Amino acid sequence: MLSLDDLLAPITPEAFHRDFDDRKPLHIPAVDGAPKRGLLDWPQFNALLDQAALWNAATLKVVHNNQPIAPEQYCVLTNTQSGPVLRPSPAKVQTLMAMGASVILGEVETLTPALRALTTDLSRTFAAQVGANLYCSFGGVQAFGSHYDLHHVFAVQVEGEKTWRLYANREADPVDIPDDSDGRARERLHAARGALVQEVRMRPGDVLYLPRGQFHDALATEGASLHVTFSVTPLYGRVLFGLLESAALQDPAFRKWLRPANEAGARPLRAQLADLGARLAALAASPAFADEIAMAQTRLTPRAPAYVLPQRTGLTFYAPGGMAPPPVAGPARVAIDWALTQPRVALEDMIAQFDFIPEADLRAAVEAAERAGALRRV
């Protein structure tokens, strides 16, 4: 299975994080294309397409010459045991592809072991939500015009060739899709992209990294092209507002009425706001709040499923032991605090309940609590 280190090779992770990560694009030509190209191939892509029940108008999109094709042009109402479902028609999709349209399969990050493994490694490394899309396109027809993305991009060319054009400008830390209420978003993007600075011809096994906001576009060179794009989206400052709201409301000062602005020249209101601001600053700087952020980041990497049927999971039950728990760092502390409020709990249920915490961390925390007498087996 490919890891991020494999994806970057021969560039070292240290060199990537120092010189390119969130700084500038990086093209990594294939030295030995087989491992990276092996991420997916045409037979695997066709096999995914053939699983019709996986796809709908949101996860299978068709685009032609910068314009999305309306779902009613390639989807049909299909009768299933659960009732009618709108699904892409293979015949209609292939007809549109024959006319040069591109097909994008979204949310494929868990559909093969190789995609799942690389997605998980990227998520853990960047503390980020990671998704994967598959792009099938044909020579001379462009799916998307010049644009930038709201996330980092790792593109892996697996079949055919595609030329990416990189422009001089980069949008500064974008968090929203450009407004197109007046229908001129494409025109504004074209004007904002700057001069063409690099053309990258991607061949099987090549990798291209683009930082968030980097202006670019791409065009299949000739024949058919297939590439995988991983979107990497770490948390940013906006997440603080929701987390701070929950934490701040535990302080009575944030539950009090605000003083009227027309009282004593607004001096009482300004003093109250200054006090609340100081309390927020202290809360944001606290170790407990840093743990909350760490937990939010950990949630972005869900634990991979691992069924072992016909064997069933054995259950190991614990109850509070009456002693104080040992210090536990990070998100596992929350799981231990929860377990101590339960009359009896199964370790396996904890692992299921807190699926955003690595299983090894949970087991280690429970073992430490058992040694300290905070938990006992029952």
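Our structure's up above, just so we're on the same page.
Let us look at the structure shown here. (Residues numbered from 1 in each chain as written. Predicted model: local features only at pLDDT ≥ 70, side-chain atom pairs only at ≥ 80, totals over all residues. Heavy atoms only, no water.)

So, on to the pairing of strand 9 (residues 162-170). The pairing of strand 9 with strand 10 (residues 196-202) spans 6 bridges and is classified as antiparallel. Each bridged residue has a counterpart across the sheet, and for Lys162 the counterpart in strand 10 is Met202. Two elements, strand 9 and strand 12 (residues 214-220), share 6 bridges in a ladder whose sense is antiparallel. Bridging from a neighbouring strand, Trp164 pairs with Ala218 of strand 12. (Pairing = 2+ DSSP bridges. Helix = DSSP H or I, 4+ residues; strand = E, 2+ residues; numbered from the N terminus.)

Let's shift gears to the packing of helix 8 (residues 239-248) against helix 9 (residues 267-284). One can describe the packing of helix 8 onto helix 9 by two numbers: an axis separation of 11 Å at closest approach and a directional angle of 105 degrees. Judged on the interaxial angle alone, helix 9 and helix 8 are roughly perpendicular. Touching Leu244, Ala247 and Ala248 of helix 8 are Leu280, Leu283 and Ala284, all from helix 9. Across the contact of helix 8 with helix 9, the residue classes break down as 6 nonpolar, no polar and no charged. (Axes fitted to C-alpha atoms, helices over the stretch in contact; angles between N-to-C directions. Parallel < 35°, antiparallel > 145°, perpendicular 65-115°, else oblique. Contact = heavy atoms within 4.5 Å. Nonpolar A, V, L, I, M, F, W, Y, C, P; charged D, E, K, R; others polar.)

The subject of this paragraph is the packing of aromatic side chains. By the definition in use, this model includes 9 aromatic pairs. Judged by centre distance (5.6 Å) and plane angle (65 degrees), the ring pair of Trp338 and Phe354 falls under edge-to-face. Here Trp338 is found in helix 11 (residues 332-339), whereas its partner Phe354 is found in the loop between helix 12 (347-353) and helix 13 (359-371), with 16 residues between them in sequence. Owing to a relative accessible area of 10%, Phe354 belongs among the buried residues under this scheme. Ring geometry for Phe354 against Phe356: centres 6.1 Å apart, planes inclined by 65 degrees, an arrangement best described as edge-to-face. Assessed through its relative accessible area of 9%, Phe356 is described here as buried. Aromatic rings pair up to connect Phe16, Phe126, Phe154 and Tyr209 into one cluster. A cation over an aromatic ring shows up here: Arg299 above the ring of Phe356, its NZ or CZ 4.2 Å from the ring centre. The ring of Phe317 carries the charged tip of Arg344 above its face, separated from the ring centre by 4.0 Å. (Phe/Tyr/Trp six-rings, centres within 6.5 Å; stacked < 30°, edge-to-face > 60°. Buried < 20%, exposed > 50% of the residue type's maximum accessible area, 1.4 Å probe, protein only. Lys NZ or Arg CZ within 6 Å of the ring centre and 35° of its normal.)

What follows deals with the sheet that holds strand 9. If you trace the 3 strands from one edge of the open sheet to the other, you get 10-9-12, paired in antiparallel fashion. Edge strands, defined here as strands with exactly one partner in the open sheet, are strand 10 and strand 12. With strand direction ignored, the average angle separating the axes of adjacent strands in the sheet is 20 degrees.

A separate point is the pattern of salt bridges. Counted by the stated rule, this structure contains 16 salt bridges. As a salt-bridge pair, Asp19 and Arg18 come within 2.9 Å of each other at their nearest N and O atoms. Between Glu370 and Arg377 there is a salt bridge, with the nearest N and O atoms lying 3.5 Å from each other. The class of Glu370 is partly exposed, set by a relative accessible area of 29%. Linked by salt bridges that have partners in common, Glu161, Arg201 and Arg203 make up one network. (Salt bridge = Lys/Arg side-chain N within 4 Å of Asp/Glu carboxyl O.)

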